[in-house]
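Analysis of the macromolecular model
Residue strings, one per chain:
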There are 2 protein chains.
Amino acid sequence: MTDKIRIFTYAVGATLFSELLYILWLRFKHRHMNTVNKTDIQLGTDRNSRSNTSIILNVDFNDQEVGSSYKPMNKVLIFPDPGITCKRLILNGRCAYSNCQFLHKKTSLYYLTKMLSTAKTKMDVCVYMMMYSVLGDRIVDAHKKGIVVRVITDGQMGDVPSSQIGRFREAGIPVRSNSTTTFLMHHKFIIIDNETLINGSFNWTKQAVTGNYENILITNQKELVEPYSAEFQHLWQLYDPVQLEKKKDPQ
Amino acid sequence: MTDKIRIFTYAVGATLFSELLYILWLRFKHRHMNTVNKTDIQLGTDRNSRSNTSIILNVDFNDQEVGSSYKPMNKVLIFPDPGITCKRLILNGRCAYSNCQFLHKKTSLYYLTKMLSTAKTKMDVCVYMMMYSVLGDRIVDAHKKGIVVRVITDGQMGDVPSSQIGRFREAGIPVRSNSTTTFLMHHKFIIIDNETLINGSFNWTKQAVTGNYENILITNQKELVEPYSAEFQHLWQLYDPVQLEKKKDPQ
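Below, the structure is looked at part by part. Values in this document were obtained by computation on a predicted structure and should not be read as measured data. (Residues numbered from 1 in each chain as written. Chains lettered and ligands numbered in written order. Predicted model: local features only at pLDDT ≥ 70, side-chain atom pairs only at ≥ 80, totals over all residues. Heavy atoms only, no water.)

**Topic: the sheet that holds strand β1 (residues 74-79) of chain B**
Residues and elements named next belong to chain B. Heads up, the condition is: A pair of strands is treated as paired once DSSP finds two or more bridges between them. Each helix corresponds to a stretch of at least 4 residues labelled H or I by DSSP, and each strand to a stretch of at least 2 residues labelled E; elements are numbered beginning at the N terminus. Every angle, taken between N-to-C directions, lies between 0 and 180 degrees, and every axis is a line fitted to C-alpha atoms, over only the stretch in contact when it is a helix.
Taken in spatial order, the 7 strands of this open sheet run β1-β7-β6-β5-β2-β3-β4, and their pairing is mixed. The strands lining the two open edges of the sheet, one partner per strand, are β1 and β4 (175-177). Mean inter-strand twist for the sheet, computed between neighbouring axes without regard to direction, equals 15 degrees. Inspection of the sheet shows strand β2 (residues 122-127) paired to strand β5 (residues 188-192) by 5 bridges, in the antiparallel sense.

Here's what the structure looks like:
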């Protein structure tokens, strides 16, 4: 009788153990599959993945290189992405969910968020509209990490329902905007640590990421970055609430 | 009596001559005043000319340097201009009309048109909207000079009344655009002679020149220009009417 119990126990134990091994192997396999392979994206790799989409990187984007001020950096990101990038991939660099339906490769959005995360001391945001929460998250995260974030946006676009601007204000990020409704604050640039410019046609919306044809140019060349820094400073003072109040009532 | 006639003739002659000299001097003075002084624009010169306008050039813009592929060129133009630039100044480099009310200095529009006029062989235009006739003129002029001009634009924006696109088609310039109304062809770049990129937030409208806050970045650095050339070629094929027809009717 004790033999039968022992045999039964062994059988159940072995079954459970093999089942456990199999589950662990599946998890490992999916984790590995959904982690971006750092060498698998080259120029135009994804050009044919969807007929009306393209990702163009002029050279392979080296994560270590991003945000470095020690050598000239010139990069171009082309949108739309072929789909929506996995948020876990953006946050952790990998996704362990085997049934995750989002993209697990280096999209333009992936590089853009990566770039925003390189900020060490300062982030000057000067964008017409800021609508996409995934990008808004990066701005709020930078502020939470103690990075000095300043935001300039268009007065009208800052008030529309899906805008991230209210969220920025709630988080304590200083935001300034034009008071006129006639002309647009139509810039779409961000300067990281006073040294890297992110600029282009790209509106910071979900539609710009996955639908429109858009471009972003990234450079750390001083003669290109400095005029944008000067323009940011110019607008920051111009949109100072005290100055705007003075204009309304010159007395 | 002959003495009196001679004196009278001398007096009238001298009066007419001095009047003529004075008129000539006035004309010379106005011509000189309304001709752009090549050394008088420096970084931020016009920053205070109108409280809500700015022109920022990272260095003095040398006309000889524009369009040169022999050394790296990085320039930034900031809009709005402080007013409307004189068309005669744009076309001839000077304006002889003493009562001309337009601007006679190097505005961002002046540099932009100057830049467009440097094209020697090829001009690839990929802009969301093209509305301003002064800029449209430069595209048509290039085509008339025998430069190979290709235009990509947004399907919907090409059809609005003030668009220059109809004019381009009438002039015989090939134009292609997206057929979908869901997503935008939102790029705003031009590539001159395959070597110089003009790109930014700038929509090619009069409002962008004299009202909005906008930027244009100009560079001839290969690693920045090439991805835009690739994107132009990609869209040019994608928007080939034959391809678009195939998509509509896969049979």
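**A word on the packing of aromatic side chains**
The condition is simple: When two rings of Phe, Tyr or Trp (its six-membered ring) have centres within 6.5 Å they constitute a pair, described as stacked for plane angles under 30 degrees, edge-to-face for angles over 60, and tilted for the intermediate range. Note on classification: 1.4 Å probe, protein chains only; a residue is buried when its accessible area is under 20% of the maximum for its type, exposed when over 50%, partly exposed between these limits. A ring is scored as having a charge over it whenever the NZ atom of a lysine or the CZ atom of an arginine sits within 6 Å of its centre and within 35 degrees of its normal.
Per the stated rule, a full pass over the model turns up 12 aromatic pairs over all chains. Taking 5.4 Å as the distance between ring centres and 75 degrees as the angle between the ring planes, the aromatic pair formed by Phe202 of chain A and Trp204 of chain A counts as edge-to-face. Note on accessibility: Phe202 of chain A and Trp204 of chain A belong to one class, buried. Here Tyr213 of chain A and Tyr239 of chain B contribute two aromatic rings whose centre-to-centre distance is 6.2 Å and whose plane-to-plane angle is 85 degrees, an arrangement assigned as edge-to-face. Placement of the pair is Tyr213 of chain A in the loop between α6 (206-210) and β7 (214-219) and Tyr239 of chain B in the loop between α7 (222-238) and α8 (241-248), with the two residues belonging to separate chains. Here Tyr213 of chain A falls in the buried class, since its relative accessible area comes to 4%. We classify Tyr239 of chain B as buried; its relative accessible area is 4%. Through pairs of rings, three or more aromatic residues link up here, namely Phe79, Phe202 and Trp204 of chain A. Stacked on the ring of Tyr97 of chain A, the Lys or Arg Arg88 of chain A has its end atom at 4.1 Å from the ring centre.

**Thoughts on the pairing of strand β2 (residues 122-127) of chain A**
Residue and element names in this part refer to chain A. Keep this limit in mind: Convention used here: a crossover is right-handed provided that the path from the first strand, over the helix, to the second strand proceeds clockwise when the strands point away from the viewer.
In terms of burial, β2 is largely enclosed, as 5 of its 6 residues are buried. Of the strand pairs in this sheet, β2 and strand β3 (residues 148-153) are connected by 6 bridges, and their pairing is parallel. Across the sheet, Val127 pairs through a bridge with Thr153, a residue of β3. Crossover β2 to β3 through helix α4 (residues 133-144) is right-handed.

**A few points about the environment of Met73 of chain B**
Residue and element names in this part refer to chain B. By the secondary structure assignment, Met73 is in the loop between α1 (2-33) and β1. Met73 gets classed as buried once you look at its relative accessible area, which sits at 1%. When the C-alpha atoms of Met73 and Asn220 are compared, they prove to be 5.5 Å apart, with 147 residues separating the residues in sequence.

**Focus: the interface of chain A and chain B**
Selection rule: The contact definition used throughout considers only heavy atoms, calling two residues in contact when any of these lie within 4.5 Å. The term buried area refers to how much accessible surface (probe radius 1.4 Å) is lost by two components on association, counted for both of them together. Side-chain atoms alone can form a polar contact between residues adjacent in sequence; in general such a contact is a pair of N or O atoms within 3.5 Å, and within protein one must be able to donate a hydrogen while the other accepts it. The classification used treats Ala, Val, Leu, Ile, Met, Phe, Trp, Tyr, Cys and Pro as nonpolar, Asp, Glu, Lys and Arg as charged, and all other residues, Gly among them, as polar.
Each partner contributes residues to the interface: chain A has 46 residues there, and chain B has 46 residues. It is Phe183, His186 and Tyr213 of chain A in chain A that bury the most area against chain B; as a group they hold 16% of the surface buried on that side. Counting across the chain A and chain B interface gives 23 residue pairs in polar contact (both at pLDDT 80 or more). Looking at the side of chain A that touches chain B, the elements that each hand over two or more residues are β1 (74-79), β5 (188-192), β6 (196-200), β7 and α7 (222-238) of chain A. Take the side of chain A that touches chain B: its biggest share by element is 9 residues, from α7 of chain A. Split into classes, the residues belonging to the side of chain A that touches chain B amount to 20 nonpolar, 19 polar and 7 charged.

**With respect to the sheet that holds β7 of chain A**
Taken in spatial order, the 7 strands of this open sheet run β1-β7-β6-β5-β2-β3-β4 (chain A), and their pairing is mixed. Of all the strands in the sheet, just β1 and β4 (175-177) of chain A have a single pairing partner and so form its edges. Neighbour-to-neighbour, the strand axes of the sheet open up by a mean angle of 15 degrees, direction not taken into account. In the packing of α7 of chain B onto the sheet, contacts are made with β1 and β7 of chain A, and the angle to β1 of chain A comes to roughly 20 degrees.

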